[in-house]
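# Structure at a glance
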Amino acid sequence: MILLDQIQRELAVLDDKSLRRRRRHAESPSAPRVMVDGKAMLAFCSNDYLGLAAHPKIIAALQEGADLYGVGSGASHLISGHSRAHAILEERLAEFESPHLVDARALYFCTGYMANLAVLSGLAAVSGKETALFSETLNHASLIDGAKLSRAQLQVFPHGDVAALRVMLAASTAPTKIVVTDSVFSMDGNLAPIPELLALCEEFKAWLVIDDAHGFGALGANGRGVLEHYNLRSPNIVYMGTLGKSAGVAGAFVAAHKDVIEWLVNKARPYIYTTAAPPALAHALLTSLDIIQGVEGTQRRANLQSLIAQLRRDLRLKRWQLMPSDTAVQPILIGDNAESLQAAATLYEQGFWVPAIRPPTVPEGTARLRITLSAAHTSEDLAALIAAVNGLED
Ligand SMILES: *Cc1c(COP(=O)(O)O)cnc(C)c1O
């Protein structure tokens, strides 16, 4: 029982530091109004920014996909699991991002986590251990893990610090250089300086890998994401967008020059050695893309923008701080773990589901409430939350 004792001791340490994680049970579809463990809640915690996760048309498309293709894919993509539904989705995604890439092709993955492992390990496989990987300090855990898997020489550059990155790139003699960054920082909501990073990558002949998990669908006039937001186009870009957040379904994709994609299909182990996602999901995502690109998507993005403006206008904080963000991710910096948990618990009692985010997800001493907004919220929903949060510090 010695081994189990060790784990029990470490779990007690987590309790002492207010770091133990607990899962709640959502009993209804992801939406502003959810049943959680038998209690009706107003949720401000999902990444379903456009409110598509329970959209009737996408639900119908998923059902149609199951009728057409069954449930499981049966095998990995390179054996027999690659269906026509996957191929059509990849063509649609490549076309959607084509204004921003050169000779674009796209590759669909089961999850964004796997896509990031695949991109970093796959690109690094070109030059092996001589690859230099420059990673932004606030990058998502999946990029940090992808960097480890790549076995490239890792250098971490400070948050948003283009000048520091320039010095690192200028000093590097590596045959393959990769710069990797989140576009929207997932726990902060702010944007990376993508145009400046891209200019550096072009100057120093480096790949720019962009994780647009929180931008795809939500940013840009047509929902193409951060590249449309900044109006960028370059052969150096390797773009990763996720499909379980704004797109409301599941999975992710990588879009880049067709030869980069061909290389990943041949070399990226997280792509090769796993069962392909159910084709029905790919089929459902076609409807999701129709909505994102259409009039409805434009209206949903406009509603999201007005909610963001309302929150920033009406929230009144004293000691706590609303972090600078123009996106659907609107965190309130509290600092202390226990105080953040208490704030989340008080909101929860009042019927608002807002998560407290603690280390190691965020740096020590920067625990926070992470409010996320969705186009499916009404301004009345948000006004109720704002009133509750404004009362918390009293
Ligand atoms: C959610 C997220 C991922 C992982 O995507 P999944 O499809 O959920 O696995 C990757 N990067 C960032 C920045 C994310 O927020």
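Residues numbered from 1 in each chain as written. Predicted model: local features only at pLDDT ≥ 70, side-chain atom pairs only at ≥ 80, totals over all residues. Heavy atoms only, no water.

### A look at the overall build of the chain
Looking only at helices and strands, one finds 15 helices and 14 strands in the chain. Relative to a compact globule of 394 residues, whose C-alpha radius of gyration would be 21 Å, the chain shows 21 Å and is just as compact. With the C-alpha coordinates of the chain rotated into their principal frame, the extents come out at 55 × 55 × 50 Å. Split into buried and exposed, the 394 residues of the chain put 54% on the buried side. Look at the contacts in the chain between residues 6 or more apart in sequence, and 72% of them connect residues 24 or more apart. (Helix = DSSP H or I, 4+ residues; strand = E, 2+ residues; numbered from the N terminus. Rg over C-alpha atoms; globule rule 2.2 N^0.38 Å. Buried < 20%, exposed > 50% of the residue type's maximum accessible area, 1.4 Å probe, protein only. Contact = heavy atoms within 4.5 Å.)

### Some thoughts on helix α12 (residues 279-293)
Given 3.6 residues per helical turn, the α-helix brings residues three or four places apart onto the same face. In a regular helix each residue adds 1.5 Å, so 15 residues correspond to 21 Å; α12 covers 21 Å between its end C-alpha atoms and thus fits that length. Judged by how many residues are buried, α12 sits mostly within the fold: 13 of 15 residues are covered. (Expected span 1.5 Å × (residues − 1).)

### Things to note about the nonpolar core
Val179 and Phe216 are the most contacted members of the largest nonpolar core, which totals 52 residues. It is α12 that provides the largest number of residues to this core, a total of 8 residues. Residues within four places of Val179 in sequence aside, it is in contact with Phe134, Phe157, Leu165, Leu169, Cys201, Ala206, Trp207, Leu208 and Val209. With 30 residues, the next largest nonpolar core counts Phe44, Ile308, Ala328 and Leu392 among its residues. (Core = buried A, V, L, I, M, F, W, Y, C linked by side-chain atoms within 4.5 Å.)

### Concerning the site of the ligand
Neighbouring the ligand are 14 residues; Gly112, Tyr113, Asp211, His214 and Lys245 lie closest to it. At a separation of 2.9 Å, an oxygen atom of the ligand approaches a polar backbone atom of Tyr113. At 3.4 Å, a side-chain N or O of His140 approaches a nitrogen atom of the ligand. For the ligand, the accessible surface in isolation is 380 Å², of which the surrounding protein chains cover 81%. Residue classes in the shell around the ligand are distributed as 2 nonpolar, 9 polar and 3 charged. (Near = heavy atom within 4 Å. Polar contact = N/O pair within 3.5 Å; in protein donor to acceptor, adjacent residues only side chain to side chain. Areas by Shrake-Rupley, 256 points an atom, 1.4 Å probe, with all protein chains shown as cover. Nonpolar A, V, L, I, M, F, W, Y, C, P; charged D, E, K, R; others polar.)

### Observations concerning the sheet that holds strand β7 (residues 207-211)
Each strand in a sheet pairs with its neighbour through backbone hydrogen bonds, running either in the same direction (parallel) or in the opposite one (antiparallel). Ordered in space as β3-β9-β8-β7-β6-β4-β5, the 7 strands form an open sheet in which the pairing is mixed. Two strands in the sheet have a free side with no partner beyond their single neighbour: β3 (104-109) and β5 (153-157). Taking the axes of each pair of neighbouring strands and ignoring which way they run, one obtains an average angle of 20 degrees across the sheet. In the packing of helix α7 (residues 162-171) onto the sheet, the strands contacted are β4 (132-136), β5 and β6 (177-182), and the crossing angle to β5 comes to about 155 degrees. On the sheet, helix α8 (residues 194-203) packs against β5, β6, β7 and β8 (237-242) and is oriented at approximately 155 degrees with respect to β7. (Pairing = 2+ DSSP bridges. Axes fitted to C-alpha atoms, helices over the stretch in contact; angles between N-to-C directions.)

### Thoughts on the side chain of Ser121
Mapped onto the elements of the fold, Ser121 is located in helix α5 (residues 112-124). One polar contact links the side chain of Ser121 to the main-chain carbonyl oxygen of Leu117, over a distance of 2.7 Å.

### Some details on the domain arrangement of the chain
By the assigned domains, the chain splits into domain 1 (20-49 + 295-390) and domain 2 (56-292). Taken together, the contacts link 21 residues of domain 1 with 20 residues of domain 2. Taking both sides of the interface into account, the surface hidden between domain 1 and domain 2 amounts to around 1,500 Å²; carbon and sulfur atoms contribute 54%. Of all residues in domain 1, Tyr49, Arg301 and Thr327 bury the most surface against domain 2, accounting for 36% of the area lost on that side. Joining domain 1 to domain 2, the criterion identifies 1 salt bridge. (Domains from an automatic or database assignment. Buried area = accessible area lost by both parts, 1.4 Å probe. Salt bridge = Lys/Arg side-chain N within 4 Å of Asp/Glu carboxyl O.)

### Brief notes about a nonpolar patch on the surface
Where nonpolar side chains cluster on the molecular surface, the patch consists of Met1, Leu4, Ile7, Leu11 and Leu14 and spans about 470 Å² of accessible area. Note that Ile7 resides in helix α1 (residues 2-16). (Patch = residues over 30% accessible without salt bridge, like charges linked within 9 Å, V, L, I, M, F, W, Y side chains within 5 Å.)

### What about the packing of aromatic side chains?
Remark: the centre distance and the inter-plane angle together describe each pair of aromatic rings, the angle taken between the planes. Enumeration according to the criterion identifies 4 aromatic pairs in this entry. Aromatic side chains Phe96 and Phe216 sit 5.8 Å apart centroid to centroid with 90 degrees between the ring planes, which places their arrangement in the edge-to-face category. Linking Phe96 in helix α4 (residues 84-97) with Phe216 in the loop between β7 and α9 (226-230), this pair joins segments that are 120 residues apart in sequence. Measuring from centroid to centroid gives 5.2 Å for Phe109 and Tyr271, while their planes differ by 75 degrees, and the two rings are edge-to-face. With Phe109 in strand β3 and Tyr271 in helix α11 (residues 269-272), this residue pair connects regions lying 162 residues apart in the sequence. (Phe/Tyr/Trp six-rings, centres within 6.5 Å; stacked < 30°, edge-to-face > 60°.)

### A closer look at the pairing of β8
Counted residue by residue, β8 has 6 buried out of 6 residues, so it is predominantly covered. Bridge count for β7 against β8 is 4 bridges, and the pairing is parallel. From the neighbouring strand, Asp211 faces β8, where its bridge partner is Met240. Looking at chain direction, β8 and strand β9 (residues 252-257) are connected through 4 bridges and run antiparallel. Among the inter-strand pairings, Tyr239 is bridged to a residue of β9, identified as Ala255.

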